[in-house]
Amino acid sequence: MDSSKYFATFFTLSLTLLLLSFPCEGQLSPTFYDSTCPNALTTIRTAIRSAISAERRMAASLIRLHFHDCFVQGCDGSVLLDQTSTIQTEKTSLANNNSARGFNVIEDAKSKVEKICPGVVSCADILAVAARDSSAAVGGPSWTVKLGRRDSTTASRSLADSDLPGPFDDLLTLLSKFSNKGFNAREMVALSGAHTVGQTQCRIFRSRIYSNGTDIDAGFASTRRRQCPTTGGDTNLAPLDLVTPNSFDNNYFKNLVQKKGLLPSDQVLFNGGSTDSFVTEYVNNPQTFSSDFSAAIVKMGDLSPLTGSNGIIRRICSAIN
Ligand code: HEM
Ligand SMILES: *[C@@H]1O[C@H](CO)[C@@H](O)[C@H](O)[C@H]1NC(C)=O
Ligand SMILES: *[C@@H]1O[C@H](CO)[C@@H](O)[C@H](O)[C@H]1NC(C)=O
């Protein structure tokens with residue numbers, strides 16, 4: 001090998017090693033906007049707080065929206081995109097159609113952030129911050145949000161249909177859907193504790209309250225039947241946590257032990273199966289639930305983010321630029 005070829009090989013190798021030593025994924029960081037938009041986080045928080053003081057349930061809706069974003073092609077704001085000739089909106093997927101809400105609150109926060117720093121802060125990051133601010137606003141845990149996600153130019157209704165868990169999924173199906181995203185059983189149970197806040201519709205819990213099953217408290221079923229007739233009233237709401245529907249606490253788990261989980265997918269977490277022990281632990285130790293939930297939702301926020309030169313910063317969250 002002559003010396004020029006030797007050096008060419010040497011430099012190619014060195015360059016490869018150098019590139020490999022950099023995190024190509026582009027790491028998320030809590031300080032990502034510190035120099036480019038120092039007031040981003042307070043601007044988002046103000047918008048989220050005002051929406052929650054107008055309607056307490058909004059906290060729940062926003063936490064759910066971040067989850068539904070991250071489980072479908074990663075935390076990339078795809079859940080926020082409307083239908084176009086090239087975009088298959090996720091808003092009409094099985095889990096989201098006539099159910100996911102809070103889009104206008106995220107859009108409002110985005111427009112306020114655009115006013116102070118145009119083209120800088122992604123919709124995916126706003127969703128992640130909104131979920132944290134929502135939890136904190138209703139007495140739940142707070143956590144440090146990592147930032148630097150960029151927004152997708154695509155959405156996928158078919159991935160939303162396949163990857164999001166459904167209320168009639170059995171325990172093995174739920175475990176496998178969470179395992180596909182890197183979560184173990186304990187993390188899944190912790191994350192499900194988000195059902196300590198928010199509401200669900202009669203059409204979704206009807207079959208369970210009329211099942212006469214041995215896995216539902218009879219008095220609880222009869223109470224829920226009053227606002228959820230066998231036919232009609234499909235969109236009537238009931239709280240996922242009957243005791244403290246507006247505060248983020250560990251009551252959801254206490255309900256499960258009493259067979260008062262409202263969704264079938266709630267009660268399967270405590271019905272003599274492999275996840276019972278986690279439920280019991282969170283009943284007995286609210287602090288463990290709080291820290292496990294925070295750790296798991298931070299991990300959820302790390303799901304396949306678009307970073308660096310991938311993706312875009314959308315000007316509005318519902319459409320690509
Ligand atoms: C374990 C699998 C899960 C299933 C099957 C599931 C399913 C559901 C269903 C069916 C609803 C009610 C929708 C309606 O009636 O319109 C709901 C609501 C909700 N979900 Fe889940 N969910 C799961 C996990 C999670 C996770 C991991 C989170 C967040 C970390 C979450 C947060 C919420 C919240 C906060 C609500 C209330 C939303 C509102 O009031 O607008 N869920 N979920
Ligand atoms: C979503 O719900 C609407 C009713 O509000 C219905 O007309 C539409 O067919 C549903 N979309 C899908 C994809 O199921
Ligand atoms: C549950 O019990 C009620 C009253 O005994 C009965 O009318 C109803 O048909 C039962 N439902 C099912 C799904 O078996």
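The following paragraphs examine the structure supplied in this document. Worth saying up front: this structure is predicted, and the values here are computed from it rather than measured.

**Some thoughts on the overall build of the chain**
- Secondary structure assignment for the chain yields 14 helices and two strands.
- The principal-axis extents of the C-alpha atoms in the chain amount to approximately 85 × 45 × 40 Å.
- The buried share among the 321 residues of the chain stands at 49%.
- At a minimum sequence separation of 6, the contacts of the chain that also span at least 24 residues come to 74%.

**Structural notes on the site of ligand 2**
- In the neighbourhood of ligand 2, the contacting residues comprise Thr-92, Asn-97 and Asn-98.
- Measuring from an oxygen atom of ligand 2, one finds a side-chain N or O atom of Asn-97 at 2.4 Å.
- Taking Asn-98, its side chain carries an N or O atom lying 2.9 Å from an oxygen atom of ligand 2.
- A total of 360 Å² of accessible area belongs to ligand 2 in isolation, and the protein chains cover 32% of it.

**Brief notes about the state of the cysteines**
- The tally for this structure, following the rule as stated, stands at four disulfides.
- One disulfide in the model links Cys-37 with Cys-117; its S-S distance is 1.9 Å. Where Cys-37 bonds to Cys-117 through sulfur, the torsion about that S-S bond is close to 70°, and the disulfide is right-handed. With Cys-37 in the loop between α1 (3-21) and α2 (40-54) and Cys-117 in the loop between α4 (103-116) and α5 (123-137), this pair connects stretches of sequence that are 80 residues apart.

**Overview of unusual backbone geometry**
- Even without being a glycine, Asn-98 presents a positive backbone phi close to 55°.
- Examined against the element boundaries, Asn-98 turns out to sit in the loop between α3 (58-70) and α4.
- Judged by relative accessible area, which is 62%, Asn-98 ranks as exposed.

**Brief notes about the site of ligand 1**
- Around ligand 1, 26 residues are found, and the nearest of them are Ser-61, Ser-99, His-195, Thr-200 and Gln-201.
- At 2.8 Å, a side-chain N or O of Arg-57 approaches an oxygen atom of ligand 1.
- Side-chain polar atom of Thr-200 to an oxygen atom of ligand 1: 2.7 Å apart, as the coordinates give it.
- Most atoms of ligand 1, that is more than half of them, are within 2 Å of grid points of the largest pocket.
- Going through the elements one at a time, α3, α7 (171-179), α8 (185-192) and β1 (199-201) are the ones with two or more residues in the shell around ligand 1.
- Looking at the shell around ligand 1 element by element, the count peaks at five residues for α3.
- Looking at the shell around ligand 1 residue by residue, the classes come out as 13 nonpolar, 10 polar and three charged.

**Re the pattern of salt bridges**
- Evaluation of the coordinates by the stated rule reveals 14 salt bridges.
- For the salt bridge of Arg-132 with Asp-133, the shortest nitrogen-to-oxygen distance reads 2.7 Å.
- When its relative accessible area of 14% is taken as the criterion, Arg-132 is described as buried.
- Residue Asp-133 is classed as buried on the basis of its relative accessible area of 7%.
- Look at the salt bridges and you will find they share partners, linking Arg-186, Glu-281 and Asp-292 into a network.

**Overview of the side chain of Arg-149**
- With respect to the helices and strands, the residue Arg-149 is situated in the loop between α5 and α6 (157-163).
- Taking relative accessible area as the criterion, Arg-149 reaches 3% and is therefore assigned buried.
- Sequence-distant contacts of Arg-149, that is, excluding residues within four places in its chain, are made with Leu-28, Tyr-33, Cys-75, Ser-122, Ala-124, Asp-125, Ala-128, Gly-301, Pro-305 and Leu-306.

**Comments concerning the packing of α2 against α4**
- α4 packs onto α2 with a crossing angle of 150° between their chain directions and a minimal axis gap of 9 Å. Relative to α4, the element α2 is oriented roughly antiparallel. Crossing of α2 over α4 shows right-handed handedness. Facing Ala-40, Thr-43, Ile-44, Ala-47, Ile-48 and Ala-51 of α2, the residues of α4 in contact are Val-105, Asp-108, Ala-109, Lys-112, Val-113 and Ile-116.

Calculation criteria
- Residues numbered from 1 in each chain as written.
- Chains lettered and ligands numbered in written order.
- Predicted model: local features only at pLDDT ≥ 70, side-chain atom pairs only at ≥ 80, totals over all residues.
- Heavy atoms only, no water.
- Helix = DSSP H or I, 4+ residues; strand = E, 2+ residues; numbered from the N terminus.
- Buried < 20%, exposed > 50% of the residue type's maximum accessible area, 1.4 Å probe, protein only.
- Contact = heavy atoms within 4.5 Å.
- Near = heavy atom within 4 Å.
- Polar contact = N/O pair within 3.5 Å; in protein donor to acceptor, adjacent residues only side chain to side chain.
- Areas by Shrake-Rupley, 256 points an atom, 1.4 Å probe, with all protein chains shown as cover.
- Disulfide = S-S within 2.5 Å.
- 1 Å grid on protein atoms, 1.4 Å probe; cavity = no way out; pocket = protein on both sides within 12 Å on 5 of 7 lines; lining within 4 Å.
- Sits in = over half its atoms within 2 Å of the grid points.
- Nonpolar A, V, L, I, M, F, W, Y, C, P; charged D, E, K, R; others polar.
- Salt bridge = Lys/Arg side-chain N within 4 Å of Asp/Glu carboxyl O.
- Axes fitted to C-alpha atoms, helices over the stretch in contact; angles between N-to-C directions.
- Parallel < 35°, antiparallel > 145°, perpendicular 65-115°, else oblique.
- Left-handed = near helix turned anticlockwise from the far one by under 90°.

None of this, on its own, says anything about what the molecule does.
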